[in-house]
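Here's the letter readout for the chains.
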Amino acid sequence: KILSTLAPHLRTVGVALRGAGASLMAYAPPAAADVGAQLEANGARPSVAAGAFVAPTATLIGDVSVGAAAAVNYGAVVEANGARLPIDGYVGDGAVVKSSVGEGALVGPNAVVLGAVETNAVVGAGAVVGAGATVLGNLGPGSLLEPGASVPVWKSTSEIG
């Protein structure tokens, strides 16, 4: 009975506080960042094109360039080591990328990429691409591509001749 008596008055106080810009909350959570952490390295900062998606929990380090149609998902880390590092494809959750990702390419979740992923190539979830390796086709989930090796583009038997 007491609450039903006080409710109209509390509602009036709440409306008045809201109108004045105040809140009854003791803590106001910060707004989510539009783009994840962007850290300077070797005097260079990351750049993100309009239209790109970089999750609030992703980290870009150094001279990383994220293209307009690219995405860097949650918990992913992209680090440029000196030279400009273009990301024009999709980088999955928790992936670590230290080499280029071509247009339309896909790096699966939790993959580690130290070599290049070319246009429309796929690196499966949890796969590791060694330094200096090149993925032109599809690298399966959990695979290990040795440093300097390459995965060719797959061709069907009708294309081989």
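What you see is a predicted model, and the numbers here were worked out from it, not measured in a lab. (Residues numbered from 1 in each chain as written. Predicted model: local features only at pLDDT ≥ 70, side-chain atom pairs only at ≥ 80, totals over all residues. Heavy atoms only, no water.)

(A) Here's a closer look at the pattern of salt bridges. This structure, assessed with the given rule, holds two salt bridges. Close ionic contact of Asp-63 with Arg-84 constitutes a salt bridge, the shortest N to O distance being 2.2 Å. Taken as a pair, Asp-63 in the loop between β4 (59–61) and β5 (64–66) and Arg-84 in the loop between β7 (77–79) and β8 (85–87) lie far apart in primary sequence, 21 residues in all. Classification of Arg-84 as partly exposed rests on a relative accessible area of 47%. Glu-79 serves as the salt-bridge partner of Lys-98, at 3.2 Å between the closest nitrogen and oxygen. One end of the pair, Lys-98, is in the loop between β10 (96–97) and β11 (106–107); the other, Glu-79, is in strand β7, and 19 residues separate them in sequence. Overall, the relative accessible area of 34% leaves Lys-98 in the partly exposed class. (Salt bridge = Lys/Arg side-chain N within 4 Å of Asp/Glu carboxyl O. Helix = DSSP H or I, 4+ residues; strand = E, 2+ residues; numbered from the N terminus. Buried < 20%, exposed > 50% of the residue type's maximum accessible area, 1.4 Å probe, protein only.)

(B) Representation of the side chain of Asn-73 within the structure. Mapped onto the elements of the fold, Asn-73 is located in the loop between β6 (71–72) and β7. Using a relative accessible area of 12% as the deciding quantity, one classes Asn-73 as buried. Asn-73 has contacts with Phe-53, Ala-55, Ala-58, Tyr-90, Val-91, Gly-92 and Asp-93, leaving out every residue within four places of it along the chain. (Contact = heavy atoms within 4.5 Å.)

(C) Focus on the packing of aromatic side chains. All chains considered together, the criterion is met by one aromatic pair. Considering the side-chain rings of Phe-53 and Tyr-74, the 6.0 Å spacing of their centres and the 55 degrees angle between planes classify their relative orientation as tilted. With a gap of 21 residues between them, Phe-53 in strand β3 (residues 53–54) and Tyr-74 in the loop between β6 and β7 connect regions that are remote in the sequence. (Phe/Tyr/Trp six-rings, centres within 6.5 Å; stacked < 30°, edge-to-face > 60°.)

(D) Layout of the sheet that holds strand β16 (residues 134–135). Taken together, three strands build an open sheet; the order of strands is β13-β16-β19 and the sheet is parallel. Each having just a single partner strand, β13 (116–117) and β19 (150–151) make up the two edges of the open sheet. Pairing geometry for β16 and β19, over two bridges, is parallel. Each residue of the ladder has a partner; that of Val-135, found in β19, is Val-151. (Pairing = 2+ DSSP bridges.)

(E) Inspection of unusual backbone geometry at higher detail. Non-glycine residue Asn-42 carries a positive phi angle of around 55 degrees. Note on placement: Asn-42 falls in the loop between β1 (37–39) and β2 (47–48). You will see that Asn-110, though not glycine, has its phi angle at about 60 degrees, which is positive. When you line up the elements, Asn-110 lands in the loop between β11 and β12 (112–113).

(F) Inspection of the environment of Leu-60 at higher detail. For Leu-60, the position within the fold is in strand β4. On the accessibility criterion, Leu-60 (1% relative accessible area) is buried. Separated by 19 residues in the primary sequence, Leu-60 and Ala-41 place their C-alpha atoms 9.9 Å from one another. When sequence neighbours within four positions are dropped, the list of residues in contact with Leu-60 reads Ala-37, Gln-38, Leu-39, Pro-46, Val-48, Val-54, Val-66, Val-72 and Val-78.

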